[in-house]
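Residues per chain, in single letters:
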Number of protein chains: 2
Amino acid sequence: MTKVDYPEELRHLITHLKRLPGIGPRSAERIALWLLRSPQSPSADLAKALTAASAGIQLCPSCGFFASLAAGCILCDNPARDLSVICVIEQATDILPLERTGAFKGHYHSLHGRLSPLDNIGPEDLRIAALLQRLRGGPVREIILATGSDVEGEATANYLAHAIGKDFPDITISRLAQGLPAGGGLDAADDLTLYRALSGRRPVSGPPP
Amino acid sequence: MTKVDYPEELRHLITHLKRLPGIGPRSAERIALWLLRSPQSPSADLAKALTAASAGIQLCPSCGFFASLAAGCILCDNPARDLSVICVIEQATDILPLERTGAFKGHYHSLHGRLSPLDNIGPEDLRIAALLQRLRGGPVREIILATGSDVEGEATANYLAHAIGKDFPDITISRLAQGLPAGGGLDAADDLTLYRALSGRRPVSGPPP
């Protein structure tokens, strides 16, 4: 007797859902059944949204953020942003939290990764050549290296500082400050954070004499 | 200055992913970014699978299981299955675990729910009329009520036993056995399970005299 299982189309859908990050076999089955049983036919809407996103979005060739083919890059196409400062980040997704601070009005450059010898990721795998190309073309005054504060982020920042400093000695190269996170007591900070907070201490302006 | 956010197509995709069961805002964003950044363009494949599943699958009008429009219902169209026994389950998905046991070769009837006054689900919301219609049409000898062993499942089974027994006095109506689950010690069983295991006890055939 034939083994009873879901129809092929349903099994196929479950297989594809299972490939999504963070979705296991049970979740994939639950989602597929929900999609088929829902009266509002959400699968058609989801399929449309998927097609629209994969056809209508590309990575901006300049900054690396997600750009709409129809509307262009919201960052690079904005004439109000400061062309003289470029903030270098590891991932395009790092742009949103930086934007939420409201403290930066310049341009961005996503490396799409970071130096990681253990994963076989070297300088040629990152968008470093594109960054140097941008510096050759534009009136850039400052580069902010906003890579992570872990070992790979530090190594990437050091590599970039060297590479940029060699070719563009007039450009100021800065790095995000490291120290205590907001709202954290000293007892919650690890040794390296405390060390960096101490060595990066800043003078406090006292009351006017 | 315009608020920086993902392009509209990407936000739209995240909104649709967020509606899936068990997917929160963070997972939806992670999945959408993964779909767009993966080099194998999984979003096109997923969109195709979604369209194929929603266009090619319907619920079998007889048993209620997922049936392929192309291949038909794997259960109802199988001539080797016993037409004289119908196993009534709450959900179409209950069929797979029952099939895995290999102990049942009859037909199924999914109610697509169970009586639940608290959720405003009454007999007219379930596929009970369709079940009685099937009984009128075919040579059914036995009905197995395989609804759950919780309060709603018991109430549904009681209602069905009464409705079927009234119109079809010749049909045997049975219910899944209740008792100790396999591999469970007596200390792990709750009071109600032990009570049902005791009252449903069965004679053991002794050694031949």
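Scroll up to find the structure.
Residues numbered from 1 in each chain as written. Chains lettered and ligands numbered in written order. Predicted model: local features only at pLDDT ≥ 70, side-chain atom pairs only at ≥ 80, totals over all residues. Heavy atoms only, no water.

Describing the packing of helix α1 (residues 8-18) of chain B against helix α2 (residues 25-37) of chain B
All names here are of chain B.
Step number 1: Following both chains from N to C, one finds α1 and α2 inclined at 130 degrees, their axes separated by 8 Å at the closest point. In terms of axis orientation, α1 runs oblique to α2. Taken as a pair, α1 and α2 cross one another with a handedness that is right-handed. Only P25, A28, E29, I31, A32, L33, L35 and L36 of α2 make contact with α1, whose side of the interface consists of L10, L13, I14, L17 and K18.
Step number 2: A breakdown of the residues in the contact of α1 with α2 according to their chemical character gives 11 nonpolar, no polar and two charged. (Axes fitted to C-alpha atoms, helices over the stretch in contact; angles between N-to-C directions. Helix = DSSP H or I, 4+ residues; strand = E, 2+ residues; numbered from the N terminus. Parallel < 35°, antiparallel > 145°, perpendicular 65-115°, else oblique. Left-handed = near helix turned anticlockwise from the far one by under 90°. Contact = heavy atoms within 4.5 Å. Nonpolar A, V, L, I, M, F, W, Y, C, P; charged D, E, K, R; others polar.)

Re the relation of the copies chain A and chain B
Step number 1: With an RMSD of 0.1 Å, the operation that places chain A on chain B is a rotation of 180 degrees combined with a shift of 0.0 Å along the axis. Taken together, the turn and the small shift mark the pair as related by a two-fold rotation axis. Within chain A, the C-alpha atom positioned nearest to the axis of rotation is that of A:A47, 2.2 Å from it.
Step number 2: Both copies share a contact surface, since 100% of the interface residues of chain A are interface residues in chain B too. (Least-squares fit on C-alpha atoms with pLDDT ≥ 70 in both.)

Some words on the sheet that holds strand β6 (residues 172-175) of chain A
All names here are of chain A.
Step number 1: Spatially, the four strands line up as an open sheet ordered β4-β3-β5-β6, and their pairing is parallel. Lying at the two open borders of the sheet, with one neighbouring strand each, are β4 (106-110) and β6. Direction aside, the axes of adjacent strands within the sheet are offset by 25 degrees on average.
Step number 2: Relative to strand β5 (residues 142-145), strand β3 (residues 82-89) is paired through four bridges, and the arrangement is parallel. Of the residues in β5, the one forming a bridge with V88 is L145.
Step number 3: Along the sheet face, helix α5 (residues 128-137) touches β3, β4 and β5 and points at about 150 degrees away from the line of β4.
Step number 4: Where helix α6 (residues 151-167) meets the sheet, its contacts fall on β3, β5 and β6, and the angle it forms with β6 comes to roughly 175 degrees. (Pairing = 2+ DSSP bridges.)

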